[in-house]
Amino acid sequence: MKKPTAKIREEIARLQEKLKEAETRDAERIGRIALRAGLGEIEIEEADLLSALEEVAGRFRGDTKPAPGRKAATTPPNGAGEAAGQSAEA
């Protein structure tokens, strides 16, 4: 038995509301973390901040390519190596 289009529209509207609520929770969580990290005190263009956050997201997703328009990191993503006080021979 097929669902009437009105029921499907109601279900879509309900799911869109749930998605909006989930996105709001995520945004509030990330915003609190960003403020604790001091990002609220930095004067930076939104595009530059977005690019830097895309790099961070890629690091945690395991992406190997840099964000568009950015140079690849010269140190490993976890900060290990010489930048962390370890020599390359370790």
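Residues numbered from 1 in each chain as written. Predicted model: local features only at pLDDT ≥ 70, side-chain atom pairs only at ≥ 80, totals over all residues. Heavy atoms only, no water.

Caption draft 1: How the structure looks around the overall build of the chain. Tallying secondary structure elements over the chain gives 2 helices and 0 strands in all. Per-residue burial over the chain gives 4% buried out of 90 residues. By element, 55% of the accessible surface of the chain is carried by carbon and sulfur atoms, the whole surface being about 8400 Å². (Helix = DSSP H or I, 4+ residues; strand = E, 2+ residues; numbered from the N terminus. Buried < 20%, exposed > 50% of the residue type's maximum accessible area, 1.4 Å probe, protein only. Areas by Shrake-Rupley, 256 points an atom, 1.4 Å probe, with all protein chains shown as cover.)

Caption draft 2: Focus on a nonpolar patch on the surface. There is a patch of nonpolar side chains on the surface, built from Leu-39, Ile-42, Ile-44 and Leu-53 and spanning about 320 Å² of accessible area. By secondary structure assignment, the location of Ile-42 is in the loop between α1 (5-36) and α2 (46-61). The exposure class of Ile-42 is partly exposed, given its relative accessible area of 46%. (Patch = residues over 30% accessible without salt bridge, like charges linked within 9 Å, V, L, I, M, F, W, Y side chains within 5 Å. Salt bridge = Lys/Arg side-chain N within 4 Å of Asp/Glu carboxyl O.)

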